[in-house]
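In case you want the letters, here they are:
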Amino acid sequence: MLWTRWLVLLLCWGSTSGERQARERRDASPAEARVDSRRQRSPPPVEPLDFGFVPAAVYDTHAYYEPGAVGVLFHVVHAFLYVIQPNSFPKDLIVKVIQQNMGGIKIDEWRKPENVVLLLQWIHYEAGFLICATIGITFLVLTPIIGMCFCVCRCCENCGGEMHQRQRKNVDCQRGFFTASLIATSIFIVLGVLIAYAANHNVSTQIKSTRRLINTNMRDLRTFANNTPVQIDYLTAQYTTAKNKVLSDLDNIGPLLGGRIHSQLEKEVVPSLDTALRMAGAMRETKEALENVSSSLEVLQEGSGRLQASLSGERSSLSNTLSDPACTNGAVSHTCNTIRATLSQLGINADFSTLPEVTRALENINTVLKTDLSNIVQKGYSSFNDTPTLVKEQTKNIVAGVKVMLDKIGIEINSFSKMFPVEASLTNFTIFLTQGQKNIESYYPQIDQMDFYRWIGCVAVLCMVVLVLAFNFLGLLCGTCGYDKQATPTTRGCLSNTGGNLLMAGVGFSFIFVWVLMGIVTTLFVVGGNVEKMMCEPLANRQLFKIIDTPFLVHPSKKNFLPGMLFQNPNIDLTLGSMYRDCYENNGLYHSLQLETMFNINSFLNRTVYNRDLAKVLESVQVDLQDITLLEQAGRDNLINFANSGIGHIDYEAYLAEVTKGVTLVDLLSFSTDLEAQADQMPRGALENAMKGHASSIRQIHRDQVVPMEQAMSTLSQSIKQLQRMSSDLPVKVTNILSAIDAAEYLITHNASHVVKQETKGYTQSLVGYFKQYTAWVKNSLTTEVAQCKPISNVVDSMEIVACSFIIDSVNTFWFGLGGCCILLIPSIIFSTKLAKYYRRMDTEDVFEE
């Protein structure tokens, strides 16, 4: 049995662990749990691993038996036994008998009241069998005595022995009745013989099926033995799947752990850097706006001088034209006076000469822009985005140590599976099965020979009945064919007399054989019936298992029988019934034998797959983010210098006041249009042409000088408004940016430990989750897939089929048919004796004289 213990020990190595971690989590204080629920986000889900499918064993045995047509006879016998023994299986009675007689049955102890009660209960249960057995024994004893008395009586010419027949009117009616009764009785006896012969033949037929069951069961046991090491090796090899996934996550610790830390901190860090980057863009926009203001102001100041000179000259020239004597004409003088009254409108409206210069502010901005704030901010982005690389660099020694530990764990798992000579033991077990099968097959010739002798014996027994039947049917045939109604009893023919003698011969052989047959029937009935009721039926409905599984059945201090026999530990809650059910459902032997109660696999897994050393190494992962710098000092100074650049001191109101004015006092295009219209009212001539010439000159001044100035004023207006918006609370904005960056840097350098710890715990839990998946898969595989013990339940079912369905049912059917023949031989004797009187030649007869 050593190989079985090695196999059991190896099968149990895969039970899952993690109880210690679960207990530690349960022991955490409720307050801490509430705080964590507010502060921590849920850890990322663990990626499911694919461990494939455990190599499955295919078993050939189908432990199922369908008896076919003979099954009807089996059901009839079962119904007859139920009538004889309708009581339920006496489980409690058997348990009490076993428990009270463990030291052996002693005659003196049966006098005890409790044993007397048990005996009476047993007699009550066996009442049907006892009554039938008593009838059979009585039949066995009385039949030869009655036969002897009958023989002596007939020798004394009594009991129908007198060779004289009374002449009665109903002779033909009586003869017909006895003939029909004997024929009917003989037919029923023939049915009994056929039933017994069918049962006898069924035994021989099913013995060949027994060989098939033995072969398939042996083959399944060899498959079980050969496939179990392969399945265990597969479980061991799948540790590599979990290990490779852990190694992959360790190799990617930077993106995984560092990425999680980065994603948690970027909520505070990135917005502050974004505001600083936007401020760098605002600096460039401020420079462009100041340059636009400076250039526009210069254009406007120069254009204002030129425009003033042009308008003054045009006003003087137009005034001289209006001084022409032609304007004194009464029809034209009114128009000339109207034009002369508008000459004052030809002047400049906006005065840009008084606006302050922005050169100093522009110089300050150019000085500020010499420092590339955008590049400095991008360095901050880069420093923060390098968190995964920083994590990888700081944890490379831990990762290397974990890899070494994982390799060591794999070696320990493999060494554990190789610790026991399982393959050698299973090889020996396979050799044992092969040799056992050969030994069983070596008995096949003897079994066939014994079965042949049994078959011959049963046929010989049936031949006794057949001999009686032969005499009955021959007697009926000869008597019926030779009977002559005209013949008197003393003148009956030879054929009729022979029929009567054959019937009496059947009666004689009936008395000779019937008591022997009844002895056989009684013996088989008592044995076969009790085996059916006490073993086969309880085995079919599993009541027999309940007896074996009764606590403290074999010893007052030993609770369970099966674990006490297998593991020398009767306190394990393992029963034969539960083991059979699990094996019948094709579960693993690990679950069926409840091996987790025998071997502390959790401690092994805690030492190997996820041991304390590995837990400490993973929990010691620490990340220092103090080297991250979001904004260098130069960038801070640059922001401060931008706030102090002077753009906030520009007189924006003065600028806006001038740019909102028009370039000229009047719209020159409207003025020239009105001038042309007035010229059209004048008579044609030099004065009209001169006025139109002045109108054209004014348009030219507008096109060449006013339009560029208006464009410059628009640019100046937009730039001034832009500068005004940018300069609004600029020191406050810069201060807020610097405060946000300081807060983000403080978070990284001082408060990031909580985020790091939280994400590190989540990362560690994901690694541990892979091991938990592996151990859970191993436990589930051991429960349902590894060493599936269906062959064990098949062996039990096959034994039940062979012992009960093949043998006991056939034996019971045999005695049922033979017993019916024995019972029917009694009326056969009576009818044959009565009928023979009508066929035999009498010595004397009644004579009637007229």
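Procedures and definitions
Residues numbered from 1 in each chain as written. Predicted model: local features only at pLDDT ≥ 70, side-chain atom pairs only at ≥ 80, totals over all residues. Heavy atoms only, no water. Core = buried A, V, L, I, M, F, W, Y, C linked by side-chain atoms within 4.5 Å. Buried < 20%, exposed > 50% of the residue type's maximum accessible area, 1.4 Å probe, protein only. Helix = DSSP H or I, 4+ residues; strand = E, 2+ residues; numbered from the N terminus. Contact = heavy atoms within 4.5 Å. Salt bridge = Lys/Arg side-chain N within 4 Å of Asp/Glu carboxyl O. Patch = residues over 30% accessible without salt bridge, like charges linked within 9 Å, V, L, I, M, F, W, Y side chains within 5 Å. Areas by Shrake-Rupley, 256 points an atom, 1.4 Å probe, with all protein chains shown as cover. Axes fitted to C-alpha atoms, helices over the stretch in contact; angles between N-to-C directions. Parallel < 35°, antiparallel > 145°, perpendicular 65-115°, else oblique. Left-handed = near helix turned anticlockwise from the far one by under 90°. Nonpolar A, V, L, I, M, F, W, Y, C, P; charged D, E, K, R; others polar. Disulfide = S-S within 2.5 Å.

**With respect to the nonpolar core**
Grouped together as the largest cluster of nonpolar side chains are 118 residues, with contacts concentrated most on Leu 250, Leu 290, Leu 406, Leu 639, Tyr 655 and Met 691. No other element matches the 20 residues that helix H10 (residues 253-322) contributes to this core. Discounting chain neighbours no more than four positions away, the residues touching Leu 639 are Met 279, Met 283, Leu 373, Leu 631, Val 734, Ile 737 and Leu 738. If you look at the next biggest cluster of nonpolar residues, it comprises 27 residues, including Val 77, Cys 458, Val 465 and Val 514.

**Points about the pattern of salt bridges**
Taken as a whole, this structure holds seven salt bridges when the rule is applied. One salt bridge connects Asp 448 with Arg 211, and the closest N-O pair in it is separated by 2.3 Å. Taken together, the residues Asp 448 in helix H17 (residues 444-482) and Arg 211 in helix H8 (residues 171-237) connect sequence positions 237 residues apart. On the accessibility criterion, Arg 211 (25% relative accessible area) is partly exposed. One network of salt bridges, with partners in common, ties together Arg 542, Asp 797 and Glu 800.

**Here we look at a nonpolar patch on the surface**
A surface patch of nonpolar side chains, about 540 Å² in accessible area, is lined by Ile 183, Ile 187, Phe 188, Leu 191, Leu 194 and Phe 473. Counting residues per element, the nonpolar patch draws most heavily on H8, at five residues.

**So, the packing of H10 against helix H28 (residues 686-727)**
Orientation of H10 relative to H28, taken along the N-to-C sense of each, is 160 degrees, at an axis distance of 7 Å. Viewed along their axes, H10 and H28 adopt a mutual orientation that is roughly antiparallel. The handedness of the crossing between H10 and H28 comes out as left-handed. For the contact of H10 with H28, the class distribution of residues is 23 nonpolar, 14 polar and three charged.

**Considerations on the environment of Met 518**
Topologically, Met 518 is positioned in helix H18 (residues 494-540). With a relative accessible area of 5%, Met 518 lands in the buried category. Sequence separation between Met 518 and Gly 820 is 302 residues, and the spatial gap between their C-alpha atoms is 9.8 Å. Not counting residues up to four positions away in its chain, the partners in contact with Met 518 are Gly 136, Phe 139, Leu 140, Cys 822 and Ile 823.

**Details of the environment of Leu 369**
Within the fold, Leu 369 resides in helix H12 (residues 359-369). Measuring from C-alpha to C-alpha, the distance between Leu 369 and Asn 638 comes to 8.1 Å, with 269 residues separating the pair along the chain. Other than its neighbours up to four places away in sequence, Leu 369 contacts Met 283, Arg 284 and Lys 287.

**Digging into the state of the cysteines**
One pass over the structure, following the stated rule, counts two disulfides. Each sulfur of the disulfide joining Cys 536 and Cys 804 lies 2.1 Å from the other. An S-S torsion of about -90 degrees defines the bridge between Cys 536 and Cys 804 as left-handed. Taken together, the residues Cys 536 in helix H18 and Cys 804 in helix H30 (residues 790-839) connect sequence positions 268 residues apart. Paired through a disulfide, Cys 583 and Cys 789 show a sulfur-sulfur distance of 2.2 Å. Where Cys 583 bonds to Cys 789 through sulfur, the torsion about that S-S bond is close to -105 degrees, and the disulfide is left-handed. Pair noted here: Cys 583 is in helix H21 (residues 576-584) and Cys 789 is in the loop between helix H29 (730-784) and H30, with a separation of 206 residues, a long-range link. Overall, Cys 583 belongs to the buried group, its relative accessible area being 1%. Cys 481 takes part in no disulfide bond, and the closest cysteine sulfur to it belongs to Cys 478, at a distance of 7.2 Å.

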